[in-house]
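Residues per chain, in single letters:
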Amino acid sequence: MDNLLDLSDRLYLDVLDFAHSTPHWFQLLAEVWTELGLLLFGALFLAGWWRSRTGSSQAMALALLAPLATAFGYVVSEGLKSLIDEERPCRAVVGAPAALVDCPAYGDWSFPSNHSAIAGAAAIALALSWRGIVWLTVPMAILMAFSRVFVGVHYPHDVTAGLILGGVVAFLVMRAARRPVTSLVETARSSRSAAVVWCAGRGPATPAHASARPGRRSRARHGAY
């Protein structure tokens, strides 16, 4: 374990040295991404919900579960952080260059990285609810985790643990809650409230020719007699 922590210290120093060697505009971009990148995941949640309004009840259930599963990932990460009092590397690593952003206050512990846990959970939750988007969400989550080391506020092992923890929690929540939430969506879609139906979506549209077919068949039968 000590060897792994020493390796994490060295990687932290290497990444921070690299960060200080990059152009100022790139450092600013990393500072913005490390905070506002989470908003992009939020936008994807909204887009996933909107596109699922005309999808199956299960598709809508997964779209609704995605932000909930991400929230669970954050809660578990925050609970673990409160049990492990690991000091931030921007204070603990001797001889380290200055962090690019203000070092979080004492008591805001380092392990695991909440940003990385949220990003990991969001990446997996979106991938399970939106087929094919994994090629966007996973790189986004990895960049989010790396940016936390780049700006100097987390060790590499903090962000790695955060990504894995968030992803696992999101996967378990999505799998466990899929059926009951699908049932809730089906109930909502049959509601008499227009607002509830709008939120849940009406589901796949029934082709006009499909609804007309039974009538034609019925008339044909009557005509045969």
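Residues numbered from 1 in each chain as written. Predicted model: local features only at pLDDT ≥ 70, side-chain atom pairs only at ≥ 80, totals over all residues. Heavy atoms only, no water.

A.B. asks: How should I be thinking about the overall build of the chain in this particular structure?
C.D. replies: Within the chain, the regular secondary structure consists of nine helices and zero strands. Taken from N to C terminus, the helices and strands of the chain fall in the order α-α-α-α-α-α-α-α-α. Taking all 225 residues of the chain together, 40% fall into the buried category. (Helix = DSSP H or I, 4+ residues; strand = E, 2+ residues; numbered from the N terminus. Buried < 20%, exposed > 50% of the residue type's maximum accessible area, 1.4 Å probe, protein only.)

A.B. asks: Would you take a moment to explain helix α3 (residues 57-83) for this structure?
C.D. replies: Residue pairs spaced three or four apart in an α-helix point in one direction, given the helix's 3.6 residues per turn. For α3, with 27 residues, the first-to-last C-alpha span of 39 Å sits near the 39 Å given by 1.5 Å per residue. At Ala66, α3 shows its maximal kink, close to 30 degrees; a proline, Pro67, follows between one and four residues later. All of the buried residues along α3 are Ser57, Met60, Ala61, Leu62, Ala63, Leu65, Ala66, Ala69, Thr70, Gly73, Ser77 and Lys81. (Expected span 1.5 Å × (residues − 1). Bend = angle between axes of the 7 residues up to and from the residue.)

A.B. asks: Hey, could you run me through the nonpolar core in this one?
C.D. replies: Most often, soluble globular proteins have nonpolar side chains that are buried together. One finds Phe41, Ala69, Ala125, Leu126, Met174 and Val181 to be the most contacted residues of the largest nonpolar core, which totals 29 residues. Listed by contribution, the elements that provide at least two residues to this core are α2 (24-52), α3, α5 (114-129), α6 (134-150) and α7 (156-189). By residue number, the principal contributor to this core is α7, which donates eight residues. Those residues in contact with Met174 that lie beyond four places of it in its chain are Leu62, Leu65, Ala66, Ala69, Ala125, Leu128 and Ser129. Ranked by size, the runner-up nonpolar core spans 14 residues in total, among them Val149, Val151, Tyr155 and Val159. (Core = buried A, V, L, I, M, F, W, Y, C linked by side-chain atoms within 4.5 Å. Contact = heavy atoms within 4.5 Å.)

A.B. asks: What exactly am I supposed to notice about the pattern of salt bridges here?
C.D. replies: Working definition: two side chains of opposite charge can pair if their charged atoms are close together. Inspection of the entire model under this criterion finds three salt bridges. Between Glu35 and Arg148 there is a salt bridge whose closest N-O contact spans 3.5 Å. Pair noted here: Glu35 is in helix α2 and Arg148 is in helix α6, with a separation of 113 residues, a long-range link. What makes Arg148 buried here is its relative accessible area of 6%. (Salt bridge = Lys/Arg side-chain N within 4 Å of Asp/Glu carboxyl O.)

A.B. asks: Teacher, can you tell me more about unusual backbone geometry here?
C.D. replies: Glycine aside, residues mostly have negative phi angles, and peptide bonds mostly take the trans form. Across the junction of Phe111 and Pro112, the peptide omega takes the value -10 degrees, indicating a cis bond. The topology assignment puts Pro112 in the loop between α4 (89-92) and α5.

A.B. asks: Whenever I open this one, the environment of Gln58 confuses me. Can you help?
C.D. replies: Positionally, Gln58 belongs in helix α3. The spatial distance from the C-alpha of Gln58 to the C-alpha of Ser183 is 8.5 Å, given a sequence separation of 125 residues. The residues contacting Gln58, other than those within four sequence positions of it, are Arg178 and Thr182.

A.B. asks: Explain α6 here, please?
C.D. replies: If you check α6, its first and last C-alpha atoms are 24 Å apart, about what 17 residues at 1.5 Å a residue would give, namely 24 Å. By the burial criterion, the buried members of α6 are Thr137, Met140, Ala141, Met144, Ala145, Ser147, Arg148, Val149 and Phe150. Looking one or two residues past α6, Gly152 carries a phi angle of roughly 95 degrees, positive in sign.

A.B. asks: Honestly, the state of the cysteines in this entry has me stumped. Any pointers?
C.D. replies: Working definition: the covalent bond between the sulfur atoms of two cysteines is a disulfide. A complete count under the given rule lists one disulfide for this structure. Across a sulfur-sulfur distance of 2.0 Å, Cys90 and Cys103 are joined as a disulfide pair. Across the disulfide from Cys90 to Cys103, rotation about the S-S bond amounts to roughly 70 degrees, and the bridge is consequently right-handed. In this pair, Cys90 is assigned in helix α4 and Cys103 in the loop between α4 and α5, connecting sequence segments 13 residues apart. (Disulfide = S-S within 2.5 Å.)

A.B. asks: So what exactly am I meant to see when it comes to the packing of aromatic side chains here?
C.D. replies: With the rule as written, the count across this model stands at nine aromatic pairs. Plain terms: the ring middles of Phe146 and Phe150 are 6.0 Å apart, the flat faces sit at 45 degrees to each other, and that makes the pair tilted. Taken as a pair, Phe146 and Phe150 lie in helix α6 at a separation of four residues, close to a single helical turn. Judged by relative accessible area, which is 39%, Phe146 ranks as partly exposed. Across from the ring centre of Trp50, 4.5 Å away, lies the NZ or CZ of Arg53, which sits over that ring. In this structure, Arg53 packs its charged tip against the face of Trp198, placed 4.8 Å from the ring centre. (Phe/Tyr/Trp six-rings, centres within 6.5 Å; stacked < 30°, edge-to-face > 60°. Lys NZ or Arg CZ within 6 Å of the ring centre and 35° of its normal.)

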